[in-house]
Amino acid sequence: MGCGCGGNRKRSAGVQSLARPGKTTYEAVLDGGKGRVAFTTSNKPLADSLSGNYLGSVVRPLGAITTSAEV
């Protein structure tokens, strides 16, 4: 009889992806959102805190485009 730990149990990837939404990744971008990406993290408070170390940096969701109105 097996141990019941479920180690050999196969799971459908589709079921898990529907049950749990993906995490939003944030990036700190230098030069008011026009420069390079300094770092990325999924923790928004950490991103806000660390972006204070980089003058003129902007925190935004990964892949978002910063417009001139946001700067």
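Numbering of residues begins from 1 in every chain and follows the order in which that chain's sequence is written. Reporting in this predicted model follows two pLDDT cut-offs: at least 70 for local features of residues, and 80 or more for side-chain atom pairs to be given and counted; totals over whole chains, interfaces and linings ignore these cut-offs and use all residues. To obtain the side-chain values, all non-hydrogen atoms of the structure were included, while hydrogens and water were left out.

(A) Inspection of the overall build of the protein chain at higher detail. Helix and strand labels come from DSSP, where a helix needs a run of H or I of at least four residues and a strand needs a run of E of at least two; each type is numbered from the N terminus. From N to C terminus, the protein chain includes two helices and three strands. In the protein chain, the succession of helices and strands from N to C terminus is α-β-β-α-β. Think of it in three bands: residues with accessible area under 20% of the maximum for their type are buried, residues over 50% are exposed, and the middle band is partly exposed, with areas taken using a 1.4 Å probe on protein chains only. Residues counted as buried form 23% of the 71 residues belonging to the protein chain. Note on contacts: a residue pair is in contact if any heavy atoms of the two residues lie within 4.5 Å. Put simply, 44% of the contacts in the protein chain that link residues at least 6 apart link residues at least 24 apart. For the protein chain, the accessible area works out to roughly 5,600 Å², and carbon and sulfur atoms hold 54% of it. For the area figures, the Shrake-Rupley method with a 1.4 Å probe applies, and any residue is considered shielded solely by the protein chains shown.

(B) Structural view of the packing of aromatic side chains. Pairing of aromatic side chains requires ring centres within 6.5 Å, counting the rings of Phe and Tyr and the six-membered ring of Trp. Pairs whose planes differ by under 30 degrees are stacked, by over 60 edge-to-face, and all others tilted. Going through the model one piece at a time under the given rule, you end up with one aromatic pair. Here the aromatic rings of Phe39 and Tyr54 are separated by 6.1 Å at their centres, their planes lie at 40°, and the arrangement is tilted. One end of the pair, Phe39, is in strand E2 (residues 37-41); the other, Tyr54, is in the loop between helix H2 (44-51) and strand E3 (58-61), and 15 residues separate them in sequence. We note Lys44 situated over the ring of Tyr26; from NZ or CZ to the ring centre the distance is 5.3 Å. To sit over a ring, a charge needs its Lys NZ or Arg CZ within 6 Å of the ring centre and within 35 degrees of the ring normal.

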